[in-house]
Amino acid sequence: MADKPIQGEKRMFMTGNEVCAYAALAANVDVMYGYPITPQNEIMHYWTRLAPKHNRTFLQTEDEISAGFTTCGGVMSGKRCFTATAGPGNTLMQEAMSMAEMMRIPAVFIIQQRGGPSTATVIYSQQEVTMTCFGANGEGLRVVYSTSSHQELFDYTIKSFNVAWKYRFPTFVLGDGYQAKMRESVTIYDPEARGIQMVDTYPLVGLPGMPGVDRDPAHLRNTYNTEEELYEVVKDLVDAYEKMAPEIVEHSTMECDDADVVILCHGIVSRAAIEAVRNLRAAGVKAGFFRPITLRPFAKDALRPIAEKAKKLLIVESSQGQFAKIVTDALYGLTTPMETIFKPGLGITSDEIVNKVKAMI
Amino acid sequence: MTVATVLEPKMPKCWRQETKPHKFCPGCGHGDILKALGTAIDELGIQDRVVFGCDIGCSLLSWDLFNCDSIQTHHGRTTPVMTGVKRARPDRICIAYMGDGGGYAIGSQHLVNAASRNEKILVIVANNVQYGMTGGQMAPTTLPGMKTETSPYGRDPESTGNPTLGPEMVAAITPDSAYVARGTMANLRQLTQMFKKALQNQIDGNGFSFVEALSACPTNWRTNAAKTWEFVEKEMTKYFKVGELKAPAKKEGQ
Ligand SMILES: Cc1ncc(C[n+]2csc(CCOP(=O)(O)OP(=O)(O)O)c2C)c(N)n1
Ligand code: SF4
Ligand SMILES: [Mg+2]
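Residues numbered from 1 in each chain as written. Chains lettered and ligands numbered in written order. Predicted model: local features only at pLDDT ≥ 70, side-chain atom pairs only at ≥ 80, totals over all residues. Heavy atoms only, no water.

Side note on the interface of chain A and chain B
1) Next: On the chain B side, the residues contacting the 38 residues of chain A number 32 residues.
2) Next: In this assembly, chain A packs against chain B so that about 2,900 Å² is buried in total across both faces, 58% of it on carbon and sulfur atoms.
3) Next: Applying the counting rule to chain A against chain B returns 4 salt bridges.
4) Next: The closest approach of N and O atoms between Arg77(B) and Glu95(A), which form a salt bridge, is 3.0 Å.
5) Next: Remark: the boundary between chain A and chain B carries 21 residue pairs in polar contact (both at pLDDT 80 or more).
6) Next: Looking at which element gives the most residues to the side of chain A that touches chain B, the answer is helix H3 (residues 64-76) of chain A, with 7 residues.
7) Next: Across the side of chain A that touches chain B, the residue classes tally to 17 nonpolar, 14 polar and 7 charged.
8) Next: Across 2 bridges, strand E9 (residues 219-220) of chain A lies against strand E2 (residues 69-72) of chain B in parallel orientation. (Contact = heavy atoms within 4.5 Å. Buried area = accessible area lost by both parts, 1.4 Å probe. Salt bridge = Lys/Arg side-chain N within 4 Å of Asp/Glu carboxyl O. Polar contact = N/O pair within 3.5 Å; in protein donor to acceptor, adjacent residues only side chain to side chain. Helix = DSSP H or I, 4+ residues; strand = E, 2+ residues; numbered from the N terminus. Nonpolar A, V, L, I, M, F, W, Y, C, P; charged D, E, K, R; others polar. Pairing = 2+ DSSP bridges.)

Below, the structure written as C-alpha cells:
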C-alpha cells in the first residue's frame, strides 16, 4: 500500500485553500473535477501538485456545469470525488447539485463565497447561503457546514466525505474568500491517527456480474411520470433527510445561559462575535453567542430555548439577511426582539458588534 | 410468462425483456438506433462492462431499456456524467446517448470539449432534426425551410443559421485516434458496424468516439410510414452525408 500522504499529525501555517487540498488528500479522495474561479483556485492548484504523487487524479472541465456533473459521474462510479467553486460558478453548478439531491449522490462541494450578485468581487461575502442551502429546483436536501477557521476547513472537509457517503446526501463545505486566502496555523492529520475511520465508498453503477443474470441492472433516474410517483420519491427523500438531521446537526454556543443579548451568526463572522462577547463580558455586558455549524440541517431545537430566554437577539452577517431568513424561520412564534447587522460582501469587526450591542441595551 | 424465446421478436440479448415493449412512439428512430447499439454490445460481448447514460429528451425513455447499468442525467449533461464515470473507472465502457438538442444545443460545450480532450467515451446523437420530447420545436439540426413549432414559416438560415453538422465538427477538432461517423436508421447493418468500431475504439483506449444517427420522429413530423422513410432517406441525407469521417487504423487481430 502506498504511503499515507499525511503521517500522524503536522502543525502547518498555510492558506485555507491549501488546507482544503490537504484535507481531501487526507480523506483519501480519488478525483477532483474543477473549473477555475477565484477565490477557490488554489484548491485545484495544490491538488494538482499533490495528487499525482499519491495516484490521485484531476480533470479541468469546460465549465462548472461540467465540473458538477463529472463529479456526480465519478461518485456514481464509487470513487471519493469532489469539486470546488464560488459565486457565478456556484450558480452554474446548482444543476448538478440538484441531481445529486434527487439521486442521493454523495458528492462533496467546497464553496468559497465571493461577492454577489453577478460577478461582483472575487474577495469575500456570505451571500451564497441561500443558494448553497436551497439552490436549484429542490427542497434543500443538502448538508452544509459553515466553517470559521482553517482547522474547521480541515476537519469538516474530511467529515463531509464521511457524512456524504454514510447518508448519501450532497455535502457542502461553505467557506469564503477570507478563509480561502488567509494564512493561519492548522494541525493537519491522518484521520486514522485520530480514530476517524473513512466511510467506505461503493459503486452505484459498474457493479460486478452480468446485469440481468447475476443481478438486476442499476437503472438510476431523476425523472418521473406522475405527480403521485414523484411525491412518493420526494417524501422518501425528505424522510431520510429528517431522520439523518438529528445525527449530524451541529452548533456551538458561548455564554448564552444568562445572556441579555445573544448574537447569532455563522462562518467567519463568528470570530468577530466571539471577540465581541469577550469584550462585552469584560465591560460587564451580558452577551452570548450562538453559531450553527450546519446551516442545513439547522439546529432549531438548540436555538429556540436560548432565543426564548434572551432579552434580545442580534443577527450579524455579511449578506442582506440570507442567514436571518433561516433563523427567523426556525424561531417562528417567538417574540424576542431582534436587531441586525447586514453588510453584504463586507467583513465585520468585533468593534461594530460591541457598539451595536451596547446601543441595544 | 413463458420463456418461449423462439416466439418472441428478436431483440438484442443485452436488452431488458422486463421493460419491453419499449416506450418510444411507433416508428420512432430511437428504438431502431438502440437496437443497433444493443447488437453491437452483444457482438462485442461487453454487456457487463457497459455504463449507459441517457439524456433528457426522448432518449430518457431508454433509462431502463438495457440490462446494463444506466444513468439518466439532465438535458445536455450526459457527456460530462459519462466523462466522470470513465475518468473514475477507466475499465468501464461508457456510452452517452442523447438527441440533437442535447448534443448540439444545450450540451454543445460538453461535446466540443470532450472531443477536444479526446475523452475515451462513445457519444451517440440521435438526430431527428427537432426537439421531439417537448413537441417539435426547431433544433440546431432543423433543415432549411423546414417547419417546426418555433419555425412555423420554415427555418430561415438567414436569421437562424444552417443546420449543425455534428460529425464534421467533431472530426475537425479530434486527433486521428478518434472515431467519427454518421449513420442512419435506414441502414441498421451499417449503423451497427459503426457502433462496433466506435466501441472498439474505446475498448482499445484510442480516443473519443462519436456517431450521429439519422433518426425519425413521425409523431412530431406528422408523417405516415412512407413519408417518414422518404424524409429520412432522401431529405435528411441531402444535408447530412452518411459515412465514416474518421476511423483509426485497425489493431492487429481484428
Ligand atoms: C435545462 C433544461 N432545459 C429544457 C428542458 C426541456 N426539454 C426537455 S427535452 C428537450 C428537447 C429534447 O430534444 P432532443 O435533445 O433533440 O431529443 P429528442 O426528444 O428529439 O430525441 C427540452 C428542451 C429540460 N429538460 N432541461
Ligand atoms: S416524440 Fe418523436 S422522438 Fe419522441 S418517442 Fe415519439 S417519435 Fe420518438
Ligand atoms: Mg431531437
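Considering helix H10 (residues 300-309) of chain A
All names here are of chain A.
1) Next: Every buried residue belonging to H10 is among Leu303, Ile306 and Ala307, and all of these are buried. All buried residues of H10 project into a common sector of 100° when viewed along the axis, lining one side. Of the exposed residues in H10, the ones pointing more than 90 degrees away from its buried face are Asp301, Glu308 and Lys309.
2) Next: On its buried face, H10 sits against strand E10 (251-254), strand E11 (261-264), strand E12 (287-292), strand E14 (312-317) and helix H11 (322-330). (Buried < 20%, exposed > 50% of the residue type's maximum accessible area, 1.4 Å probe, protein only. Arc of directions from axis to C-beta.)

Overview of the domain arrangement of chain A
All names here are of chain A.
1) Next: As far as domains go, chain A holds domain 1 (9-194) and domain 2 (251-360).
2) Next: Distance from the C-alpha centre of domain 1 to the C-alpha centre of domain 2: 26 Å.
3) Next: At the junction of the two partners, domain 1 supplies 28 residues and domain 2 supplies 22 residues.
4) Next: Surface buried jointly by domain 1 and domain 2 totals about 2,000 Å² across both partners, of which 53% is contributed by carbon and sulfur atoms. (Domains from an automatic or database assignment.)

Let's talk about the site of ligand 2
1) Next: Neighbouring residues of ligand 2: Phe24(B), Cys25(B), Cys28(B), His30(B), Cys58(B), Asn128(B), Cys217(B), Pro218(B), Thr219(B) and Asn220(B).
2) Next: Residue classes in the shell around ligand 2 are distributed as 6 nonpolar, 4 polar and no charged. (Near = heavy atom within 4 Å.)

Describing the site of ligand 1
Residues and elements named next belong to chain B.
1) Next: Surrounding ligand 1, one finds 16 residues, the nearest of these being His30, Cys58, Asp100, Gly102 and Gly132.
2) Next: The contact in question runs from an oxygen atom of ligand 1 to an N or O atom on the backbone of Cys58, over 2.8 Å.
3) Next: The backbone of Gly132 places a nitrogen or oxygen atom 2.7 Å from an oxygen atom of ligand 1.
4) Next: At the level of elements, helix H3 (100-106) and strand E5 (130-131) are the ones that each hand at least two residues to the shell around ligand 1.
5) Next: Residue contributions to the shell around ligand 1 peak at 4 residues, all from H3.

Side note on the pairing of strand E4 (residues 122-127) of chain B
Residue and element names in this part refer to chain B.
1) Next: Among the 6 residues in E4, 6 count as buried, and that is most of the element.
2) Next: On E4, burial covers both faces: Leu122, Ile124 and Ala126 on one face and Val123, Val125 and Asn127 on the other are all buried.
3) Next: Both strand E3 (residues 93-99) and E4 contribute to a ladder of 5 bridges, which runs parallel. By the bridge assignment, Tyr97 is partnered in E4 with Ile124.
4) Next: With 6 bridges connecting them, E4 and strand E8 (residues 209-214) associate as parallel partners. Pairing of Val125 across the sheet is with Glu212, part of E8.

Comments concerning the sheet that holds strand E3 (residues 57-60) of chain A
All names here are of chain A.
1) Next: Read from one edge to the other, the open sheet built from 7 strands follows the order E3-E2-E4-E5-E7-E6-E13, with strand pairing classed as mixed. Looking along the sheet, the strands with just one partner apiece sit at the ends: E3 and strand E13 (294-296). Pairwise comparison of adjacent strand axes, ignoring direction, gives a mean angle of 25° for this sheet. (Axes fitted to C-alpha atoms, helices over the stretch in contact; angles between N-to-C directions.)

Notes on the sheet that holds E12(A)
Residues and elements named next belong to chain A.
1) Next: Read across the open sheet, the 5 strands follow the order E10-E12-E11-E14-E15; overall the sheet is mixed. A strand with exactly one partner marks an edge of an open sheet, and here the two such strands are E10 and strand E15 (338-342). Taking the axes of each pair of neighbouring strands and ignoring which way they run, one obtains an average angle of 20° across the sheet.
2) Next: Of the pairings in the sheet, the one linking E11 to E12 comprises 4 bridges and is parallel in character. Considered in E12, the bridge of Leu264 is made with Phe290.
3) Next: Here H11 sits on the sheet and contacts E11, E12, E14 and E15; the angle it forms with E14, its principal contact strand, is near 145°.
4) Next: Contacts between helix H12 (residues 350-360) and the sheet are confined to E11, E14 and E15, with E14 contributing the most and set at about 155° to the helix.

Structural notes on the pairing of E2(B)
Residues and elements named next belong to chain B.
1) Next: In E2, alternate side chains face the same way, and those of Asp69 and Ile71 on one face and Ser70 and Gln72 on the other are all buried.
2) Next: The pairing of strand E1 (residues 50-54) with E2 spans 4 bridges and is parallel. Residue pairing across strands places Gly53 opposite Ile71, the latter belonging to E2.

Digging into the UniProt feature "domain: Thiamine pyrophosphate enzyme TPP-binding" (unreviewed entry) in chain B
1) Next: When the UniProt feature table is mapped onto this chain numbering, "domain: Thiamine pyrophosphate enzyme TPP-binding" (unreviewed entry) sits at residues 69-212 of chain B.
2) Next: With 38% helix and 22% strand, the stretch residues 69-212 of chain B has end C-alpha atoms that lie 23 Å from each other. (UniProt positions renumbered as here; feature names shortened; annotations may be inferred.)

Topic: a nonpolar patch on the surface
1) Next: There is a patch of nonpolar side chains on the surface, built from Val122(A), Ile123(A) and Tyr178(A) and spanning about 250 Å² of accessible area.
2) Next: Here Tyr178(A) is to be found in helix H7 (residues 177-181). (Patch = residues over 30% accessible without salt bridge, like charges linked within 9 Å, V, L, I, M, F, W, Y side chains within 5 Å. Areas by Shrake-Rupley, 256 points an atom, 1.4 Å probe, with all protein chains shown as cover.)

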